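Residues per chain are reported as follows:
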Amino acid sequence: MIRQALRMSVPDYMQCAEDHQTLLVVVQAVGIVSEENFFRIYKRICSVNQLSVRDSQRALFIRYRHHYPPENNEWGDFQTHRKVVGLITITDCFSAKDWPQTFEKFHVQKEIYGSTLYDSRLFVFGLQGDVTEQPRPDVAFYPNYDDCDSVEKRIEDFIESLFIVLESKRLDRATDKSGDKIPLLCVPFEKKDFVGLDTDSSVLLGLKRHYKKRCQGRMRKHVGDLCLQAGMLQDALVHYHMSVELLRSVNDFLWLGAALEGLCSASVISHYPGGTGGKSGARRLQGSSLPSEAANRHRPGAQEVLIDPGALTTNGINPDTSAEIGRAKNCLSPEDIIDKYKEAISYYSKYKNAGVIELEACVKAVRVLAIQKRGMEASEFLQNAVYINLRQLSEEEKIQRYSILSELYELIGFHRKSAFFKRVAAMQCVAPSISEPGWRACYKLLLETLPGYSLSLDPKDFNKGTHRGWAAVQMRLLHELVYASRRMGNPALSVRHLSFLLQTMLDFLSDQEKKDVTQSLENYTAKCPGTMEPITLPDGLTLPPVPFTKLPIVRCVKLLSLPTSLRPQKVKSLLGQTMSAKSPFIYSPIIAHSRGEERNKKIDFQWVQGDVCEVQLMVYNPMPFELRVENMGLLTSGVEFESLPAALSLPAESGLYPVTLVGVPQTTGMITVNGYHTTVFGVFSDCLLDNLPGVKTSGSTVEVIPALPRLQISTALPRSAHSLQPSSGDEISTNVSVQLYNGEAQQLVITLENIGLEPLEQLEVTSKLLTTKEKLSGDFLSWKLEETLSQFPLQPGKVATFTVNIKAKLDFSCQENLLQDLSDDGVSVSGFPLSSPFRQVVRPRVESRPTNPSEGSKSGDLGHLKTLEAVLNFKYSGGPGHVEGYYRNLSLGLHVEVEPSVFFTRVSTLPATSTRQCHLLLDVFNSTEHELTVCARNNSELVLHPSECQRMAIQVDKFNFESVSESPGEKEPLANLKQLEDERQEARGLEISSKLDICWRIPSLKRSGEASVEGLLNQLVLEHLQLAPLQWDVLVDGQPCDCEVAATCQVGDPVHLEVRLTNRSPHSVGPFALTVVPFQDHKNGVHNYDLHDAISFVGSSTFYLDTVQPSGQSACLGALLFLYTGDFFLHIRFHEDCKSKELPPSWFCLPSVRVRALEAQA
């Protein structure tokens, strides 16, 4: 016990410089008092912590403690603020019988601090009766803890009594009475050194003077403490200065350090009236604010009623000296305060029993330096405090020491150093030597270290720029949080911290650490899955959720438009598209490009209610092992949306990998894709795009329009391996192919099925031919939509049919190289070759042609085929979307491979017996591998074997082609004239083909088709087939003569001959002169023109025709007389003059006239 009393055992880490002016009052419970009731009264007592002294400008400050080690009280002479001068006890007493025992306990409690107490009080609760009526100055009775309004007033009276005693002691010690012996004040461990020392011996005269100065110096220091407690700051400064001089002269280092510390404390109180101890400092600032008029008056010093003014003529301060003059002379400057603290601490360090004093002085200096913002110097004091060796501390005392060091480092701005000591304190809470480790306290302290290590529990803070802090230390701290929370029995907290570690420290984890952390996380989440709910701790701290935005890492988010077949389109109004009203300018360079605006801008396509919509994510797996992502779906807002979650497995370090998330909007409006949700390692995450800084997106808001029907088309034709690519860029949903012979027609039956949920009410069908190099005759695709529309509206699940007629009718002409091939094969070809303006390399199927089989297969088969490509477009609508003006397009690609059927290798004409007719000669070549028959109108069938060529003669009436309108003038460009001529020739060929009606048939395949001569006919052939502009008619006895049948007449009877001219040309013609020359044909190549004896003309043999206007008609008449019987021919010959020479010879083609003269009947 004696050894323990020699040194101060328990340091007060909360001490500050201004505590030197306070009186220490201990408040304790006597007997059994509930903790709640005790602290209720204790708080009320602590509220009275300062008191202005009556009739004075001084203030008294009180420091309350509910626990104070008695051994520390032994150091009260060394520093009076460590001395317990007041005792307040609180007790429960409900019976008068218990009162004597209770009062006795009160006296026992006083004996513990009896040597230093100025006064004491006993608060008794619950006792009533006669005992309470006896007036006692040191006891207060209250019926209960609620009815005790006078507690604060009694405490004020108690403080006044303490002041009276303090003031009397100050005056007693401060008065220097001559002849009085000054006692030597000692600290506990010094008393044994001065036992038996004789200071009166003359032998020890030098020691006596030394001893006397020591006594005077220590007493001056003691008086300075009393003056400081009594509110006499300037007096205290004077006494401290005098004490320093005396003690320095005798090398009394321990007390010299105390005097220097007292001088520093008084100076700090003077310079920093707000205090240096935080909340206590605020209290002192409030208490030090005196009335302005009082502040302007002189500090009274010794001018107190109880003080004899003449007693302090030597030791006191002149009453005329003002506070400002005293401060200027005696108060240390802020720099000197720190220097004196350093000197005092160096003196304390010489004594191992003064370790607590040294430690507390370091703490006080640090608080002063913190106010002065001199952190580096403060850290030196703290570093010294760390190495001060105290007695063997308990675990609780170690925790307190490290916690206070942490707070002090935080106070001077050393955050990481503060976090270090806080973490040491946390680890001390669960030291192996503790029987019941305090894991909750450990966890709480670890949380407090996070800011010092630049660590926040909000994952959003890690998305801002580069990583802050030491990642290795941060990971260690997070692991300790995980372990502490597990030992606390809170698995949800462990999952949250481990998720945070994996999310924020992923870049700093090694491959093995990643595997270990994820394995631990899966073990935890097997018992408690991770959620997105914030976790609120008992102290009110909220841990935000930790979404796994890096598992996987998302680099790009793109909203996909619906497939082309399902993409909605708006019916354009007459006024065109609506102009945007956001800005009156067409272009503005001042555009605020922010990340949020870019993500939230509206996309220029629409989604449809009830249809599956897609969002594509480009994801990356940063883990060194396969990453399984479960329940991955979209997070949306704006409309009701049914997300269809997906599960995926990403290979290790996969690189960018596309993932498509789908869902179905259930209502209409604007929908915003805010992010996505995942479940990884048992942790459910909501990942928002705003929290993903590295994500590229072209927008996340899209319009959802009302529902539309869905049309599905199908045919019996096989799907085509060729995908059509329209120049417009539209996609084709279905491609089918068909093979036809040139000129063949086929019906395509298309099945229309409504696979949506809305009725199909409207349908429009259009077609577009993609092949432009092939020349088509007639309509390639034709249909009748009325039969299909009669089945509308088409309800969901219902089917309708639509029939399309396909007719492949290409050029039937042949090219020169084919003629050469035919000649080489021994096929007899005569006449002149044709030259078609639409040439295609065509080679006959002659198996003996190629010497190399592979070359033959390449050139023989493919060279025959021609390809036609077309797109059938179905525009349909229905349901609510139809009401809003939306429709859909569905395209069917048609790939038609056309094989050649027949070729016309040669064409020519022969005149017929009638001038109105002629013979068209066609050399037909069968290019198929099958036997083929060809027939024309009113002609018998012509049978052609494979690769056989035969001539076909067709008698046709000459054509009166409609004249194409002439060009408006000679200023027309030559190209237009050429195009006009081509169109005129094409129209003539089409008219000829329609009259010929040439058909082919392959009996073995039961396939047939048409053949056309369009493009075959050159200008010469067309002229032979065209009726001449001047139409000549010869009538014998009123009957036309234009055939092989001879007109009959009787010998001796006059025969009337009439020649008519019809002018179909655009110009007037004539006049003409015609001579009739009769002859006989002996059918041996000899014509007899000497028939003057056989035929006689009635009148002249020359006929005259006047000028005939366009569309006009003219005729000339004559008569002949046959004298003998026989067959006669009449040749009508034109006279050669200027009029007839201007016109082509073909215009003067008159029909031959044959007359048979018979014997006259009797």
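Residues numbered from 1 in each chain as written. Predicted model: local features only at pLDDT ≥ 70, side-chain atom pairs only at ≥ 80, totals over all residues. Heavy atoms only, no water.

S.K.: What is the right way to look at the overall build of the protein chain in this model?
M.R.: In terms of regular secondary structure, the protein chain is built from 29 helices and 46 strands. Long-range pairs, those at least 24 residues apart, make up 76% of the contacts in the protein chain with a sequence separation of at least 6. With an accessible surface of roughly 58100 Å², the protein chain has 51% of that area assigned to carbon and sulfur atoms. (Helix = DSSP H or I, 4+ residues; strand = E, 2+ residues; numbered from the N terminus. Contact = heavy atoms within 4.5 Å. Areas by Shrake-Rupley, 256 points an atom, 1.4 Å probe, with all protein chains shown as cover.)

S.K.: How should the packing of helix α8 (residues 233–249) against helix α9 (residues 253–271) be read in this particular structure?
M.R.: Working note: a packed helix pair is described by the angle between its axes plus the distance between those axes. Interaxial distance between α8 and α9 falls to 9 Å at its minimum, and their mutual angle equals 155 degrees. In terms of orientation, α8 and α9 fall into the roughly antiparallel class. In this structure, α8 meets α9 at a crossing whose hand is left-handed. Contacts between α8 and α9 involve Leu 233, Leu 237, Tyr 240, His 241, Ser 243, Val 244, Leu 247 and Arg 248 from the first element and Trp 255, Leu 256, Ala 259, Leu 260, Gly 262, Leu 263, Ala 266, Ser 267 and Ser 270 from the second. (Axes fitted to C-alpha atoms, helices over the stretch in contact; angles between N-to-C directions. Parallel < 35°, antiparallel > 145°, perpendicular 65-115°, else oblique. Left-handed = near helix turned anticlockwise from the far one by under 90°.)

S.K.: Honestly, the sheet that holds strand β9 (residues 553–560) in this entry has me stumped. Any pointers?
M.R.: Strands in a sheet are paired, the pairing made by backbone hydrogen bonds, and the direction either parallel or antiparallel. The mixed open sheet is built from five strands, whose spatial order is β14-β16-β12-β9-β19. Unpaired on one side and paired on the other, β14 (641–644) and β19 (696–697) mark the two borders of the sheet. Here β9 pairs with strand β12 (residues 613–620) via seven bridges, running antiparallel. Looking at β12, one finds that Cys 556 is bridged to Met 618. (Pairing = 2+ DSSP bridges.)

S.K.: Would you mind going over the packing of helix α19 (residues 471–487) against helix α20 (residues 491–504) with me for this structure?
M.R.: At their nearest, the axes of α19 and α20 sit 8 Å apart, and the two run at 165 degrees to each other. With respect to each other, α19 and α20 are oriented roughly antiparallel. Note that α19 runs across α20; the crossing there is left-handed. Between α19 and α20, the residues in contact are Met 475, Leu 478, His 479, Leu 481, Val 482, Ser 485 and Arg 486 and Leu 493, Ser 494, His 497, Leu 498, Phe 500 and Leu 501, respectively.

S.K.: Would you take a moment to explain helix α4 (residues 99–112) for this structure?
M.R.: Given 3.6 residues per turn, any residue in an α-helix points the same way as the ones three and four places further on. The terminal C-alpha atoms of α4, which comprises 14 residues, lie 21 Å apart, in line with the 20 Å expected from a rise of 1.5 Å per residue. Residues of α4 that are buried make contact with β1 (22–30), β4 (84–92), β5 (119–125), α5 (130–133) and β6 (139–142). (Expected span 1.5 Å × (residues − 1).)

S.K.: Sorry if this is basic, but what is going on with the pattern of salt bridges here?
M.R.: When charged atoms on two side chains of opposite charge get close, those side chains can pair. Summed over all chains, the structure comprises 32 salt bridges. Between Glu 343 and Arg 248 there is a salt bridge, with the nearest N and O atoms lying 2.7 Å from each other. On the criterion of sequence distance, the pair formed by Glu 343 in helix α13 (residues 334–348) and Arg 248 in helix α8 is long-range, its members being 95 residues apart. Here Arg 248 falls in the partly exposed class, since its relative accessible area comes to 33%. With a shortest N-O distance of 2.8 Å, Glu 744 and Arg 1007 are connected by a salt bridge. Taken together, the residues span a long stretch of sequence, with Glu 744 in the loop between β22 (734–741) and β23 (745–754) and Arg 1007 in strand β35 (residues 1007–1011) at a distance of 263 residues. (Salt bridge = Lys/Arg side-chain N within 4 Å of Asp/Glu carboxyl O. Buried < 20%, exposed > 50% of the residue type's maximum accessible area, 1.4 Å probe, protein only.)

S.K.: Please explain the side chain of Asp 12 as it appears in this structure.
M.R.: Assignment of secondary structure puts Asp 12 in the loop between α1 (2–6) and β1. In this structure the side chain of Asp 12 is engaged in a polar contact, spanning 3.2 Å, whose partner is the backbone nitrogen of Met 14. (Polar contact = N/O pair within 3.5 Å; in protein donor to acceptor, adjacent residues only side chain to side chain.)

S.K.: Can you walk me through helix α15 (residues 375–386) in this structure?
M.R.: With 12 residues, α15 ought to run about 16 Å at 1.5 Å a step, and its terminal C-alpha atoms sit 16 Å apart, in line with that. Every buried residue of α15 is listed here: Gly 375, Ala 378, Ser 379, Phe 381, Leu 382 and Ala 385. Axial view of α15: buried residues confined to an arc of 160 degrees, hence all on one face. More than 90 degrees from the buried face of α15, the exposed residues found are Met 376 and Glu 380. Residues of α15 that are buried sit in contact with α13, α14 (355–372) and α16 (395–411). (Arc of directions from axis to C-beta.)

S.K.: Help me understand the nonpolar core in this model?
M.R.: Formed by 82 residues in total, the largest nonpolar core has its most connected members in Tyr 443, Leu 502, Leu 551, Trp 607, Leu 617 and Phe 681. Examining the composition of this core, we find that seven residues originate from one element, α19, more than from any other. In this structure, Tyr 443 is in contact with Leu 481, Ala 484, Ser 485, Met 488, Leu 493, His 497, Leu 537 and Leu 543, ignoring residues within four places of it in sequence. Counting residues in hydrophobic clusters, the runner-up holds 65 residues, among them Ala 236, Val 244, Ala 259 and Cys 362. (Core = buried A, V, L, I, M, F, W, Y, C linked by side-chain atoms within 4.5 Å.)

S.K.: Is there a simple way to think about the sheet that holds strand β42 (residues 1095–1098) in this case?
M.R.: Strand order in the open sheet formed by five strands is β37-β36-β39-β44-β42, and the pairing between neighbours is antiparallel. Lying at the two open borders of the sheet, with one neighbouring strand each, are β37 (1039–1040) and β42. Here β42 runs beside strand β44 (residues 1113–1122); their pairing, made up of four bridges, is antiparallel. The residue bridging Ser 1096 from the neighbouring strand is Leu 1121, located in β44.

S.K.: What am I meant to see in the environment of Val 1036 here?
M.R.: Relative to the elements of secondary structure, Val 1036 occurs in strand β36 (residues 1030–1036). Linking Val 1036 and Leu 1120, residues 84 residues apart in sequence, is a C-alpha distance of 9.9 Å. For Val 1036, the contacting residues outside a window of four places in its chain are Cys 1041, Ala 1047, Val 1055, His 1056, Leu 1057 and Val 1153.

S.K.: It is not clear to me how unusual backbone geometry should be interpreted in this structure. Could you clarify?
M.R.: Most peptide bonds adopt trans geometry, and most residues besides glycine take a negative phi value. Of note, the amide linkage connecting Leu 551 to Pro 552 takes the cis form, showing an omega dihedral of 0 degrees. Along the chain, Phe 792 connects to Pro 793 via a cis peptide bond; the corresponding omega equals -5 degrees. Positive phi outside glycine occurs at Lys 373, with the angle close to 60 degrees. As for its placement among the helices and strands, Lys 373 is situated in the loop between α14 and α15. A positive phi angle, close to 55 degrees, is found at Lys 1006, a residue other than glycine. Mapped onto the elements of the fold, Lys 1006 is located in the loop between β34 (998–1002) and β35.

S.K.: Got a minute to help me understand the packing of aromatic side chains in this structure?
M.R.: Aromatic rings considered in pairs are described by the distance between their centres and by the relative angle of their planes. Tallying each qualifying case throughout the model produces 28 aromatic pairs. Centroid distance Phe 125 to Tyr 145: 4.2 Å. Interplanar angle 10 degrees. Geometry classified as stacked. Pair noted here: Phe 125 is in strand β5 and Tyr 145 is in the loop between β6 and α6 (151–174), with a separation of 20 residues, a long-range link. Tyr 145 matches Phe 125 in its accessibility class, with the two residues each being buried. Here Phe 189 and Tyr 351 contribute two aromatic rings whose centre-to-centre distance is 6.2 Å and whose plane-to-plane angle is 40 degrees, an arrangement assigned as tilted. On the criterion of sequence distance, the pair formed by Phe 189 in the loop between α6 and α7 (205–229) and Tyr 351 in the loop between α13 and α14 is long-range, its members being 162 residues apart. You can call Phe 189 buried: its relative accessible area is 10%. Residue Tyr 351 is classed as partly exposed on the basis of its relative accessible area of 23%. Every member of this aromatic cluster is reached through a ring pair, and the members are Trp 75, Phe 78, Phe 189, Trp 255, Tyr 348 and Tyr 351. For the cation-ring pair, Arg 416 lies above Trp 470, with the distance from its terminal atom to the ring centre recorded as 4.3 Å. (Phe/Tyr/Trp six-rings, centres within 6.5 Å; stacked < 30°, edge-to-face > 60°. Lys NZ or Arg CZ within 6 Å of the ring centre and 35° of its normal.)

S.K.: Could you clarify how one ought to interpret the pairing of β1 in this entry?
M.R.: Successive residues of a regular strand alternate their side chains across the two faces of the sheet. With eight of nine residues buried, β1 lies mostly within the body of the structure. Summarising the sheet, β1 and strand β3 (residues 59–65) pair through five bridges and their orientation is parallel. Bridge pairing links Val 26 to Arg 65 in β3. Here β1 pairs with β4 via seven bridges, running parallel. Across the sheet, Ala 29 pairs through a bridge with Ile 90, a residue of β4.

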